[in-house]
Amino acid sequence: MTASPFNDIGLDELKAGLAAGSILLVDVREADEYAAGHIKGALFNPLSRFDPSKLPVAGEGQKVVIYCRSGRRSVSAMEQARLSGRRDADTHFGGGILAWLGAGEPVEQGM
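Notes on the structure follow. From a predicted model like this one, the values you see are computed outputs, not experimental measurements. One numbering rule holds for all chains: residues counted from 1, following each sequence as written. Given that the model is predicted, a residue must reach a pLDDT of at least 70 before its local features are reported, and side-chain atom pairs must reach 80 or more before they are shown or counted; all residues, however, enter totals for whole chains, interfaces and linings. Hydrogens are left out, water is left out, and the side-chain values use all remaining heavy atoms of the structure.

1. Thoughts on helix H3 (residues 72-83)
In this model, H3 (12 residues) spans 17 Å end to end at C-alpha, consistent with the 16 Å of a helix rising 1.5 Å per residue. By the burial criterion, the buried members of H3 are Ser 74, Ala 77, Met 78 and Ala 81. Along H3, the residues classed as buried sweep out an arc of 100 degrees about the axis, all on the same side. Facing away from the buried side of H3 by more than 90 degrees, the exposed set consists of Arg 72 and Leu 83. Any two residues whose heavy atoms approach within 4.5 Å at even a single point are treated as in contact. For helices the rule is a DSSP run of H or I covering at least 4 residues; for strands it is a run of E covering at least 2, with both sets numbered from the N terminus onward. Packing partners of the buried residues in H3 comprise strand E4 (63-67) and strand E5 (91-92). Given the number of residues in a helix, its expected span is that number minus one, multiplied by 1.5 Å. Relative accessibility thresholds used throughout: buried, under 20% of the residue-type maximum; exposed, over 50%; partly exposed, between the two (1.4 Å probe, protein chains only). When we speak of the arc, we mean the arc of directions from the helix axis to the C-beta atoms.

2. A few points about the packing of aromatic side chains
Ring pairs are drawn from Phe, Tyr and Trp, using the six-membered ring of Trp, whenever the two centres fall within 6.5 Å, and their geometry is named by plane angle: stacked under 30 degrees, edge-to-face over 60, tilted for the rest. Following the criterion strictly, the structure yields one aromatic pair and no others. Both rings, one in Tyr 34 and one in Phe 44, keep their centres 4.9 Å apart while their planes meet at 40 degrees; by these two values the pair is tilted. Remark: Phe 44 occurs in strand E3 (residues 43-44) and Tyr 34 occurs in helix H2 (residues 31-36); sequence separation between them is 10 residues. Relative accessible area serves as the criterion here: at 26%, Phe 44 is assigned to the partly exposed category.

Listed below in structure tokens is the structure:
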């Protein structure tokens, strides 16, 4: 088994990074899912028309973190980003929105 080229962060690290402004969060779920509830500040870049060039560019001390519902689509998005040359988009919140909601964290609704 080969090691994954991707990193997974946990809920506490995600929350701390969002609070500190060091995480640029990207939601790759579809529009209806995003509108129904997303993590505050998450950018919308759905996997069905995922565009690695539309990923935010991380500044000094920042990192791009991708999430979806449960971790599968975020891995696909990271792979597409990697293949397009975006080596900085290699981290995801693998638990996805399900883990976020399961921890009782708030979401924003709407686009």
